[in-house]
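Coordinate analysis (summary)
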Amino acid sequence: LQNRLSVVVFALIPFALCWYLLVPNIGTELIPQVHQGEFNLDISLPVGTPLESTDETIHTVESRIVGVSGVGGISSAVGVDPTAISDSDQGEHTGKISVILEPEASGDGGNYLSEFAYDVISLPEQIWGGIRGESVLAQREDDLMEELRGLLGDLPQVRTDFSRPALFSFKTPIEVEIRGYELDVLTNLGREAERTMAGIQGLYDVRSSLQRGNPEV
């Protein structure tokens, strides 16, 4: 209590440094994505595709993914539980593959002291990259997703959507609403908007919510 001014000054110095050096570099996002070394790949086939055909397609996609460098493991689910609450565009024609990245190599294998030193040295870079949304792990995820997009692009009638785990589950970060009363007009405008947005750099996995209904007898 005898050095109040000194205490206040020494408290304000780190606060000012954080305010002018750290805060301007912190990214802002309403619902931040979680970078934990994994992401999801949603597979969609034309509505009405039987479960057996969807399963064969999922196996084909899996065989391509496991051969890619950087993939540590995968798990898949085909179709959807009819008793569970799901999106209207899910069914026997859809599936999901979860991709887990390989652990990043650190130091010399088997040398625990070198691995510990590597972790300590790289810790500031990992923390700073995480604050700015430019961590090494996030970049590895982006690179792997981009590679898989090119690898799966030649599959006929297969639609792929990539997503990361999120703190809260929202359908998409960017949405465009088109309203009207004529279904044919809405369909054409939706397809036109989908094509236009797909050509914008930085937008991926663009799709229209207006899909064909499930065939019924």
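Scroll up for the structure.
These numbers were taken from a predicted model, which means no experiment stands behind them. (Residues numbered from 1 in each chain as written. Predicted model: local features only at pLDDT ≥ 70, side-chain atom pairs only at ≥ 80, totals over all residues. Heavy atoms only, no water.)

**Notes on the pattern of salt bridges**
Note the following rule: Any carboxyl oxygen of Asp or Glu that lies within 4 Å of a side-chain nitrogen of Lys or Arg is treated as forming a salt bridge with it. Only runs of H or I of at least four residues qualify as helices and only runs of E of at least two qualify as strands under DSSP, and these elements are numbered from the N terminus. Buried, partly exposed and exposed residues are distinguished by accessible area as a fraction of the type maximum, computed with a 1.4 Å probe on protein chains only: under 20%, between the cut-offs, and over 50%, respectively.
The full count for this structure, using the stated rule, is six salt bridges. Here E141 ties to R164 by a salt bridge, and the two come within 2.5 Å at their closest N and O atoms. One end of the pair, E141, is in helix α4 (residues 136–152); the other, R164, is in the loop between β4 (159–163) and α5 (183–198), with 23 residues separating them in the sequence. You'll find E141 and R164 in the same group, each marked buried. A salt bridge links R179 to E177; the shortest N-O distance between them is 2.9 Å. Among the ionic contacts, a cluster of salt bridges with common partners joins E141, D142 and R164.

**Brief notes about the environment of R164**
Keep this limit in mind: Polar contacts, as used here, are pairs of N or O atoms within 3.5 Å; protein pairs need one atom able to donate a hydrogen and one able to accept it. Residues neighboring in sequence count only if both atoms are side-chain atoms.
Note on R164: relative accessible area 13%, which makes it buried. Along the sequence, R164 and L41 sit 123 residues apart, while their C-alpha atoms lie 9.0 Å from each other. Reaching out from R164, the side chain makes a polar contact with the side chain of E141 at a distance of 2.5 Å. Looking at R164, its side chain comes within polar contact range of the side chain of D142, at 2.3 Å.

**Thoughts on the sheet that holds β4**
Which entries qualify depends on this criterion: In this description, strands pair whenever DSSP reports at least two bridges between them. A fitted line through C-alpha atoms represents every axis, and for helices the fit uses only the stretch in contact; the resulting angles, taken between N-to-C directions, go from 0 to 180 degrees. Only heavy atoms enter the contact rule, under which two residues are in contact if any of them lie within 4.5 Å.
Read across the sheet, four strands follow the order β2-β3-β1-β4 without closing on themselves; strand pairing throughout is antiparallel. Looking at the sheet topology across the chains shown, the edges are occupied by β2 (71–78) and β4. In this sheet, neighbouring strand axes are inclined to one another by 20° on average, regardless of whether the strands run parallel or antiparallel. Running over the sheet, α4 touches β1 (38–44), β2, β3 (94–101) and β4 and is turned about 20° from β1.

**Describing the nonpolar core**
What counts is decided by this rule: Within this scheme, the nonpolar core is defined by two criteria: the residues are buried Ala, Val, Leu, Ile, Met, Phe, Trp, Tyr or Cys, and they are joined through side-chain atoms within 4.5 Å.
Core analysis: the largest hydrophobic core is formed by 19 residues, its most contacted members being F39, L41, V61, I65 and L144. A per-element tally of this core places α4 first, with four residues. When near neighbours in sequence (up to four residues on either side) are disregarded, V61 contacts L41, I43, I97, L152 and L155.

**Some remarks on α4**
Note the following rule: Expected span of a helix: the number of residues minus one, times 1.5 Å. Throughout, the arc means that of the directions going from the helix axis to the C-beta atoms.
The end-to-end C-alpha distance of α4 is 24 Å, a good match for the 24 Å that 17 residues give at a rise of 1.5 Å each. Those residues of α4 lying buried are A138, E141, L144, M145, L148 and L152. Considered in projection along α4, the buried side chains sweep an arc of 130° and stay on one side of the axis. Its buried side turned inward, α4 meets β1, α2 (51–65), β2, β3 and β4.

**Structural notes on a negative patch on the surface**
As a reminder, the rule being used: For patch building, the residue pool is restricted to those with more than 30% relative accessible area and no salt bridge; the joining distance is 9 Å between like charges and 5 Å between nonpolar side chains (Val, Leu, Ile, Met, Phe, Trp, Tyr). The Shrake-Rupley method, run with a 1.4 Å probe sphere, supplies the accessible areas, and residue values consider only the shown protein chains as cover. Under the convention used here, Asp and Glu are negative, Lys and Arg are positive, and both His and the chain ends fall outside the count. Charged side chains are reduced to one point each, which is NZ for Lys, CZ for Arg, CG for Asp and CD for Glu.
A cluster of like negative charges, contributed by E52, D55, E56 and E92, occupies part of the molecular surface. Position of D55 among the secondary structure elements: in helix α2. For D55, a relative accessible area of 31% corresponds to the partly exposed category.

**Topic: α5**
Along its 16 residues, α5 runs 22 Å from first to last C-alpha, staying within 8% of the 22 Å computed at 1.5 Å per residue. Within α5, the full set of buried residues consists of L186, G190, E194 and M197. The buried residues of α5 all sit within an arc of 75° when viewed along its axis, so they share a single face. Opposite its buried face, α5 presents the exposed residues D184, R195 and T196, each directed more than 90 degrees away. Contacts made by the buried residues of α5 are with β4.

**Points about the packing of aromatic side chains**
For clarity, the cut-off: Any pair of Phe, Tyr and Trp rings, taking the six-membered ring for Trp, is counted once the centres come within 6.5 Å. Such a pair is stacked with planes under 30 degrees apart, edge-to-face with planes over 60 apart, and tilted for the rest.
For the structure on display, the rule yields one aromatic pair. Their ring planes at 55° and their centres at 6.0 Å tell us that F39 and F162 sit as a pair that is tilted. Residue F39 is found in strand β1, and its partner F162 is found in strand β4; the two are separated by 123 residues along the sequence. Judged by its relative accessible area of 11%, F162 is buried.

**Description of a nonpolar patch on the surface**
Taken together, the side chains of L5, V8, V9, F10, L12, I13, F15, L17, W19, Y20 and L21 make up a nonpolar region of the molecular surface, amounting to roughly 1,300 Å² of accessible area. Here Y20 shows up in helix α1 (residues 4–22).

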